[in-house]
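Residue strings, one per chain:
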Amino acid sequence: VIYPDPNPGKETTTLEQRISSNTGFTPLSTFSFLVFTLLYFPCLATVTAIFNETGSWKWSVFSIIMTTGIAWLLSFVVYQTGMIFT
């Protein structure tokens, strides 16, 4: 849906080719983005559950900051390490 085939019925391109040609994503940046997406900010239901369990917004905000910070750090490490080998 996001990356439709620009020429349906003709020679088709793979999804990987469409993504890299349209958005500038490389395989390394895509992998780094996936790492970030897997680890970042928990869903609002989780934040609400943390608030309900602890009774404090402090822990809810801490979980948001901590998970997003860890996601950014690991994504950064993955990307920079990958740049060494490319």
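Before any of the text, the structure's been laid out above.
The following refers to the structure shown. (Residues numbered from 1 in each chain as written. Predicted model: local features only at pLDDT ≥ 70, side-chain atom pairs only at ≥ 80, totals over all residues. Heavy atoms only, no water.)

Structural notes on the overall build of the chain
Across its full length, the chain carries four helices and zero strands. When the elements of the chain are put in sequence order from the N terminus, they spell out α-α-α-α. With 86 residues in all, the chain has 15% of them scored as buried. Across the chain, every contact between residues at least 6 apart in sequence was considered, and the portion connecting residues at least 24 apart equals 51%. (Helix = DSSP H or I, 4+ residues; strand = E, 2+ residues; numbered from the N terminus. Buried < 20%, exposed > 50% of the residue type's maximum accessible area, 1.4 Å probe, protein only. Contact = heavy atoms within 4.5 Å.)

A look at the packing of helix 2 (residues 27-39) against helix 4 (residues 57-85)
Viewed as axis vectors pointing N to C, helix 2 and helix 4 meet at an angle of 160°, and their least axial separation amounts to 8 Å. With respect to each other, helix 2 and helix 4 are oriented roughly antiparallel. Here helix 2 runs over helix 4; the crossing is right-handed. Facing helix 2, whose interface residues are Leu 28, Ser 29, Phe 31, Ser 32, Phe 33, Val 35, Phe 36 and Leu 39, helix 4 presents Thr 67, Thr 68, Ala 71, Trp 72, Leu 74, Ser 75, Val 78, Tyr 79, Gly 82 and Met 83. Of the residues that constitute the contact of helix 2 with helix 4, the class distribution is twelve nonpolar, six polar and no charged. (Axes fitted to C-alpha atoms, helices over the stretch in contact; angles between N-to-C directions. Parallel < 35°, antiparallel > 145°, perpendicular 65-115°, else oblique. Left-handed = near helix turned anticlockwise from the far one by under 90°. Nonpolar A, V, L, I, M, F, W, Y, C, P; charged D, E, K, R; others polar.)

Details of the packing of aromatic side chains
Taken as a whole, this structure holds four aromatic pairs when the rule is applied. Ring plane angle 20° and centroid distance 4.2 Å describe the contact between Phe 51 and Trp 57, whose orientation is recorded as stacked. Using a relative accessible area of 23% as the deciding quantity, one classes Phe 51 as partly exposed. Their ring planes at 85° and their centres at 5.6 Å tell us that Trp 59 and Phe 62 sit as a pair that is edge-to-face. Placement of both Trp 59 and Phe 62 in helix 4 is noted, with a separation of three residues, approximately one turn of the helix. The exposure class of Trp 59 is partly exposed, given its relative accessible area of 44%. Of the residues examined, Phe 62 reaches a relative accessible area of 43% and is grouped as partly exposed. (Phe/Tyr/Trp six-rings, centres within 6.5 Å; stacked < 30°, edge-to-face > 60°.)

Regarding helix 4
Compared with the 42 Å implied by 1.5 Å per residue over 29 residues, the 42 Å span of helix 4 between its first and last C-alpha is a close match. Of all the positions in helix 4, only Ser 60, Ser 63, Thr 67, Ala 71, Ser 75 and Gly 82 are classed as buried. Here helix 4 starts with a cap whose side-chain oxygen sits 3.0 Å from the backbone nitrogen of Lys 58, and that cap is Ser 56. (Expected span 1.5 Å × (residues − 1). Polar contact = N/O pair within 3.5 Å; in protein donor to acceptor, adjacent residues only side chain to side chain.)

Remarks on the packing of helix 3 (residues 44-54) against helix 4
Relative to each other, helix 3 and helix 4 sit at 145°, their axes nearing to 8 Å. For the pair helix 3 and helix 4, the crossing hand works out as right-handed. Residues Val 47, Ile 50, Phe 51 and Thr 54 of helix 3 form the contact with helix 4, whose own contacting residues are Trp 57, Trp 59, Ser 60, Ser 63 and Ile 64. Split by residue class, the contact of helix 3 with helix 4 holds six nonpolar, three polar and no charged.

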